[in-house]
Amino acid sequence: MKYLLLFEELKIKKTKKIFRHLDDGKGGAEAILGTIDDTNDITAGEGGTDDTIGFLGDILKRLVKRFGLKTKVKYIDSGSFGMAFGVGDNKVIKLTSNKGEAMIAKDMLGKKIPHCVNYYDVVVVKGYGVYAILMDRAEMFDSDTEEVVDTMVDMNISQCTLKEVKKRSGSDLGDNKIKKIVDDYIKMYKALTKNKVSLQDLHTGNMGYLDGKMVHFDMMGSSSYRDISKIKVKK
Ligand SMILES: Nc1ncnc2c1ncn2[C@@H]1O[C@H](COP(=O)(O)OP(=O)(O)OP(=O)(O)O)[C@@H](O)[C@H]1O
Ligand SMILES: [Mg+2]
């Protein structure tokens, strides 16, 4: 089949995982592939997963060219609205059906905000109704770190002390390790609020480490957060 050939040509890895996620009804995979499918009206009543995946391959091929990348593309995972693909060693192409997410990413272009990944390009994929975002690839947390960060995401930042985080997370990590994660998180949190980055979608699927710093990516929603680094206490 023509489009599947294109897909193989690009050597997209983990295609089986895409099929599995689609079967499982994962939101992001359904949203992206559904949008591509609807836009092309290729299935005309019958399910056409193979064709849709083929179109996805076509889109990625065009994106890799547009972004000036020559490396292989590997499917990482899907979330609620999108699908993430690793390109080369250190970049991610995020496909999203969410215009708001694309607009925020566009706004981030060229800005070097500490503790945020760099954004390099945002395009709308003409004819397919999806947006593509090129950004840095962060290293995702290991399960121990994730447990600790997960706990803090649900806490008020002022409560994030070693003692409290240790108690609430029940983490088996040593104090020094927990302390480092707490410090890294607070540093990131302060930088984000200072730069008025929305924390609405701050969760462990949208965080990781980059160059030794904890970073946030996939920002969504408007920033209603006060810059806590500037809060003055009345005397
Ligand atoms: N810039 C990135 N660096 C490293 N991993 C990433 C990056 N972007 C996405 N990923 C990985 O791909 C997965 C899927 O990303 P996606 O944004 O589609 O979903 P999510 O973050 O899990 O959920 P949500 O839809 O709430 O953002 C993430 O869980 C993460 O593991
Ligand atoms: Mg995400």
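Throughout what follows, the structure given in this document is the object of discussion. No experiment lies behind these values; they were computed from the predicted model shown.

## Observations concerning the nonpolar core
Where a protein is soluble and globular, its nonpolar side chains tend to be buried together. Formed by 56 residues in total, the largest nonpolar core has its most connected members in Ile32, Leu60, Phe85, Ile93, Ile133, Tyr185 and Val215. Built from parts of two domains, this core gets at least three residues from each of domain 1 (2-136) and domain 2 (143-230). Among residues more than four places away in sequence, those in contact with Phe85 are Leu60, Val73, Lys74, Tyr75, Ile76, Val92 and Ile93.

## Examining the environment of Ala138
As for its placement among the helices and strands, Ala138 is situated in the loop between strand S5 (130-136) and helix H6 (143-153). Judged by the 21 C-beta atoms lying within 10 Å of it, Ala138 falls in the buried class. Those residues in contact with Ala138, other than ones at most four positions away along the chain, are Val117, Gly208, Tyr209, Leu210, Val215 and Phe217.

## As for helix H5 (residues 99-108)
Three or more residues of H5 are buried, namely Glu101, Ala102, Ile104, Ala105 and Met108. Viewed along the axis of H5, the buried residues span an arc of 165°, placing them on a single side of the element. The exposed set on the far side of H5, more than 90 degrees from its buried face, consists of Lys99 and Asp107. Turning to H5, the residues buried within the fold contact strand S3 (91-96), strand S4 (119-125) and S5.

Reading the values: rules and limits
- Residues numbered from 1 in each chain as written.
- Chains lettered and ligands numbered in written order.
- Predicted model: local features only at pLDDT ≥ 70, side-chain atom pairs only at ≥ 80, totals over all residues.
- Core = buried A, V, L, I, M, F, W, Y, C linked by C-beta atoms within 7 Å.
- Buried ≥ 20, exposed ≤ 12 C-beta atoms within 10 Å, placed from the backbone.
- Domains from an automatic or database assignment.
- Contact = placed C-beta atoms within 7 Å.
- Helix = DSSP H or I, 4+ residues; strand = E, 2+ residues; numbered from the N terminus.
- Arc of directions from axis to C-beta.

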